[in-house]
Amino acid sequence: RFRRASDGAWRWHLGRGLPVRDFDGNIIKWFGTCTDIHAQKEAEEDVRRQNEQLETIVGVRTAHLQQEIVERRKTERKYIEHLQLLQGILNMLPLAAVAVNSQGKILHANDAFLALFAPNTSLSSIADSHSSDLLHEAQKHHPSPGWSPLFQKLRGQEMFVQEITFSDGRVFLF
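This text gives an overview of the structure that appears in the document.

Conventions used here
Residues numbered from 1 in each chain as written. Predicted model: local features only at pLDDT ≥ 70, side-chain atom pairs only at ≥ 80, totals over all residues. Heavy atoms only, no water. Helix = DSSP H or I, 4+ residues; strand = E, 2+ residues; numbered from the N terminus. Buried < 20%, exposed > 50% of the residue type's maximum accessible area, 1.4 Å probe, protein only. Contact = heavy atoms within 4.5 Å. Areas by Shrake-Rupley, 256 points an atom, 1.4 Å probe, with all protein chains shown as cover. Pairing = 2+ DSSP bridges. Polar contact = N/O pair within 3.5 Å; in protein donor to acceptor, adjacent residues only side chain to side chain. Salt bridge = Lys/Arg side-chain N within 4 Å of Asp/Glu carboxyl O. Phe/Tyr/Trp six-rings, centres within 6.5 Å; stacked < 30°, edge-to-face > 60°. Lys NZ or Arg CZ within 6 Å of the ring centre and 35° of its normal. Patch = residues over 30% accessible without salt bridge, like charges linked within 9 Å, V, L, I, M, F, W, Y side chains within 5 Å.

**Some details on the overall build of the protein chain**
Line of reasoning, step 1. Counting its regular elements, the protein chain contains 5 helices and 8 strands.
Line of reasoning, step 2. Its helices and strands taken in sequence order, the protein chain reads β-β-β-β-α-β-β-α-α-α-α-β-β from the N to the C terminus.
Line of reasoning, step 3. Split into buried and exposed, the 174 residues of the protein chain put 20% on the buried side.
Line of reasoning, step 4. Put simply, 25% of the contacts in the protein chain that link residues at least 6 apart link residues at least 24 apart.
Line of reasoning, step 5. Carbon and sulfur atoms make up 56% of the accessible area of the protein chain, which totals about 13,100 Å².

This is how it looks when you write it as structure tokens:
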């Protein structure tokens, strides 16, 4: 670095020189340049500082995202545990039962529900379908007027218990 005479500021310079030799190889003088590279050095320092700041921000954000992933996995595990518990409860019930989410998508239905509303289908084939679609199909299979109040209640997505007796003597509770 050299000190500038006009204001006394220290500035970066790049000095390069080559010797000028005589026929015997002795140095007789030097030929060179001295280039002011202060702006380049300041720019390099700015880039270095910005990279450090960016690395810090990325590190903090990465740690935050990793924590968020851990929390989401915990939440997913709890959700799966609760869903499995709900499935176990529904499967033990001696009546047709279905669980739907707030959008009306089927989460789980027990065997009695499937037998009544979706015969010859599996739970995996109706999972995530909308309950109203399933009820519309089921109403085609059970067109009698006695089923109408049941379908209305099911569309309302309210909890209720209703008994229906088939002509063969089978009784279903909802």
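The discussion continues.
**Quick word on the pairing of strand E3 (residues 13–21)**
Line of reasoning, step 1. Bridge count between E3 and strand E4 (residues 27–36): 9 bridges; the pairing is antiparallel. Residue pairing in the sheet places Arg 21 in a bridge with Ile 27 of E4.
Line of reasoning, step 2. Taking the residues between adjacent antiparallel strands as the criterion, E3 and E4 are bridged by 5 residues, where Gly 25 takes a positive phi near 90°.

**A few points about the side chain of His 38**
Line of reasoning, step 1. Along the chain, His 38 falls in helix H1 (residues 38–92).
Line of reasoning, step 2. At a separation of 3.1 Å, a polar atom in the side chain of His 38 contacts the main-chain amide nitrogen of Trp 12.
Line of reasoning, step 3. Other than its neighbours up to four places away in sequence, His 38 contacts Trp 10, Arg 11 and Trp 12.

**Quick notes on the pattern of salt bridges**
Line of reasoning, step 1. Counting across every chain of the model gives 8 salt bridges.
Line of reasoning, step 2. The residue Glu 52 makes a salt bridge to Arg 48 at a minimum N-O spacing of 2.3 Å. Pair noted here: Glu 52 and Arg 48 are both in helix H1, with a separation of 4 residues, about one helical turn.
Line of reasoning, step 3. Taking the relative accessible area as the measure of exposure, Glu 52 reaches 44% and is therefore partly exposed.
Line of reasoning, step 4. Two residues, Glu 71 and Lys 74, come together in a salt bridge whose shortest N-O distance is 3.7 Å. In this pair, Glu 71 and Lys 74 are both assigned in helix H1, 3 residues apart and thus about one turn of the helix distant.
Line of reasoning, step 5. Relative accessible area serves as the criterion here: at 42%, Lys 74 is assigned to the partly exposed category.

**Focus: the environment of Ala 127**
Line of reasoning, step 1. Structurally, Ala 127 can be placed in the loop between helix H3 (123–126) and helix H4 (131–141).
Line of reasoning, step 2. As a C-alpha pair, Ala 127 and Ile 106 span 21 residues in sequence and 5.4 Å in three-dimensional space.

**Some words on the pairing of strand E6 (residues 106–109)**
Line of reasoning, step 1. For strand E5 (residues 98–100) and E6, the ladder comprises 3 bridges, and the chain directions are antiparallel. Across the sheet, residue Ala 99 finds its bridge partner in E6, namely His 108.
Line of reasoning, step 2. Linkage of E5 to E6, two consecutive antiparallel strands, is achieved through a turn of 5 residues, within which Gly 104 is found at a positive phi near 85°.

**With respect to the packing of aromatic side chains**
Line of reasoning, step 1. The full count for this structure, using the stated rule, is 0 aromatic pairs.
Line of reasoning, step 2. Directly above the aromatic system of Trp 12 lies the positively charged group of Lys 41, at a separation of 4.9 Å from the ring centroid.

**Re a nonpolar patch on the surface**
Line of reasoning, step 1. A cluster of nonpolar side chains, contributed by Leu 85, Ile 89 and Leu 93, occupies part of the molecular surface with about 250 Å² of accessible area.
Line of reasoning, step 2. Looking at the secondary structure, you find Leu 85 in helix H1.

**Regarding the environment of Ile 37**
Line of reasoning, step 1. Note that Ile 37 resides in the loop between E4 and H1.
Line of reasoning, step 2. The exposure class assigned to Ile 37 is buried, which follows from its relative accessible area of 17%.
Line of reasoning, step 3. A sequence separation of 22 residues divides Ile 37 from Gly 15, and the C-alpha atoms of the two residues are 9.9 Å apart.
Line of reasoning, step 4. In this structure Ile 37 touches Trp 12, His 13 and Leu 14, once residues within four positions along its chain are discounted.

Scope: geometric values only; no functional claims are made or implied.
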